[in-house]
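Notes for the structure review
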Amino acid sequence: MEYLRNEMKMEFLALSSNEGFARVAVGAFVAELNPTVDELADIKTAVSEAVTNCIIHGYEQKEGSIWIHCLIEGRQVEISVVDTGKGIRDVAQAREPLFTTKPELERSGMGFAFMEAFMDEVEVVSEPGKGTGVTMRKIIGEG
Amino acid sequence: MEHIYEKEYGCLILKMPAELDHHEAEFLKEEADQLLLKYPVRSLVFDFADTCFMDSSGIGVIIGRCKNVRFSGGYVKAIHLNDQIQRIFQLSGLKKILEVE
Ligand SMILES: Nc1ncnc2c1ncn2[C@@H]1O[C@H](COP(=O)(O)OP(=O)(O)OP(=O)(O)O)[C@@H](O)[C@H]1O
Ligand SMILES: [Mg+2]
């Protein structure tokens, strides 16, 4: 197969009604790699987790923008989800399964655990008061 | 009401939405809690027959409603999960919390 290279950027308001739009848009962009049904579900779930976190935690359900950058290089897809919200003080702690700062909203602390389970690599860069960027990578077609 | 509920003999069937994310979870929690307040329920069934997607937002919906129903001695189960939702149940430990059919 030829070596693919493709790139996509989008920006949208941090509204819960955009969660579905964001994961479907990324899913459609990745389609040229011919992902399996499971691989596509993995990507959509990971994107949904990252975008939901921007809305609930980054902007605490107030106004803001979310940026997604997707890069296809060969069989790898790289997806970055960025907000300029409140940021994370302790990233290592935030990534622990079951850790949540919003139990009152019935959050379960499984978002990062799902991103890690469904993608090959997850990187989190965050600064309190500045925002958070989550970059996830996955090789499509590894079987 | 967007979600349809069927009630028979103290059994409530909660039809889950097509995509159970944070956006849908908010509506669902409100509707479910109103209903659970009105009717004392002996068993609650989460029916995923029409659901193709669920993320971590669904976990809170399920655990929260389980607590409410079990507090009053009720029984909870989930039915008709597709593969993606099965994996979410597996990874999150929901499978150990309620019966999956
Ligand atoms: N974009 C973000 N901005 C600020 N804080 C964040 C962001 N993403 C995650 N966090 C912090 O990391 C914690 C863990 O996130 P994670 O997604 O694993 O769990 P959760 O969102 O709390 O629960 P769940 O995803 O299961 O609903 C959050 O509770 C929050 O404190
Ligand atoms: Mg989360």
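Before reading further, recall that the structure is shown in the block above.
Basis of the calculations
- Residues numbered from 1 in each chain as written.
- Chains lettered and ligands numbered in written order.
- Predicted model: local features only at pLDDT ≥ 70, side-chain atom pairs only at ≥ 80, totals over all residues.
- Heavy atoms only, no water.
- Helix = DSSP H or I, 4+ residues; strand = E, 2+ residues; numbered from the N terminus.
- Buried < 20%, exposed > 50% of the residue type's maximum accessible area, 1.4 Å probe, protein only.
- Axes fitted to C-alpha atoms, helices over the stretch in contact; angles between N-to-C directions.
- Parallel < 35°, antiparallel > 145°, perpendicular 65-115°, else oblique.
- Left-handed = near helix turned anticlockwise from the far one by under 90°.
- Contact = heavy atoms within 4.5 Å.
- Nonpolar A, V, L, I, M, F, W, Y, C, P; charged D, E, K, R; others polar.
- Near = heavy atom within 4 Å.
- Polar contact = N/O pair within 3.5 Å; in protein donor to acceptor, adjacent residues only side chain to side chain.
- Areas by Shrake-Rupley, 256 points an atom, 1.4 Å probe, with all protein chains shown as cover.
- Salt bridge = Lys/Arg side-chain N within 4 Å of Asp/Glu carboxyl O.
- Buried area = accessible area lost by both parts, 1.4 Å probe.

1. Looking at the side chain of Asn18 of chain A
Mapping Asn18 of chain A onto the fold places it in helix H1 (residues 18-30). Here Asn18 of chain A falls in the buried class, since its relative accessible area comes to 17%.

2. Side note on the packing of helix H2 (residues 37-58) of chain A against helix H4 (residues 111-118) of chain A
All names here are of chain A. Relative orientation of the contacting elements H2 and H4 amounts to 150 degrees, with a least axis distance of 9 Å. Between H2 and H4, the crossing angle belongs to the class labelled roughly antiparallel. Crossing geometry of H2 relative to H4 is assigned as left-handed. Here Asp42, Thr45, Ala46, Glu49, Ala50 and Asn53 of H2 come into contact with H4, specifically with Gly111, Phe112, Phe114, Met115 and Phe118. Here the residues of the contact of H2 with H4 are counted per class, giving six nonpolar, three polar and two charged.

3. Here we look at the site of ligand 1
Residues and elements named next belong to chain A. Taken together, 20 residues form the shell around ligand 1, and within it His57, Thr100, Thr101, Arg107 and Ser108 come nearest. In the environment of ligand 1, an oxygen atom lies 2.7 Å from a nitrogen or oxygen atom belonging to the side chain of Arg107. Within the backbone of Met110, a nitrogen or oxygen atom sits 2.8 Å from an oxygen atom of ligand 1. Relative to its unbound accessible surface of 600 Å², ligand 1 loses 97% to contact with the protein. Broken down by secondary-structure element, the contributors of at least two residues to the shell around ligand 1 are H2 and H4. Here the element with the most residues in the shell around ligand 1 is H2; it accounts for five residues. Of the residues that constitute the shell around ligand 1, the class distribution is six nonpolar, 11 polar and three charged.

4. Remarks on the pattern of salt bridges
Any two side chains of opposite charge can pair, on the condition that their charged atoms come close. In this structure the tally under the stated criterion is 18 salt bridges over all chains. Residue Glu127 of chain A pairs with Lys130 of chain A through a salt bridge whose shortest N-O separation is 3.3 Å. Judged by relative accessible area, which is 42%, Glu127 of chain A ranks as partly exposed. Given the relative accessible area of 54%, Lys130 of chain A is considered exposed. One continuous salt-bridge network, built from bridges that share partners, spans Glu106 of chain A together with Glu26, Lys29, Asp33 and Arg65 of chain B.

5. A short note on the interface of chain A and chain B
Residue-level contacts link 25 residues of chain A with 20 residues of chain B. For the chain A and chain B pair, buried surface summed over both sides reaches about 1700 Å², with 51% attributable to carbon and sulfur atoms. Of all residues in chain A, Arg23, Glu106 and Phe114 of chain A bury the most surface against chain B, accounting for 29% of the area lost on that side. Summed over the shared surface of chain A and chain B, the result is five salt bridges. Between Asp21 of chain B and Arg23 of chain A there is a salt bridge, with the nearest N and O atoms lying 3.0 Å from each other. The tally of links between chain A and chain B comes to 14 residue pairs in polar contact (both at pLDDT 80 or more). Counting only elements with at least two residues in the side of chain A that touches chain B, the list comes to H1, H2 and H4 of chain A.

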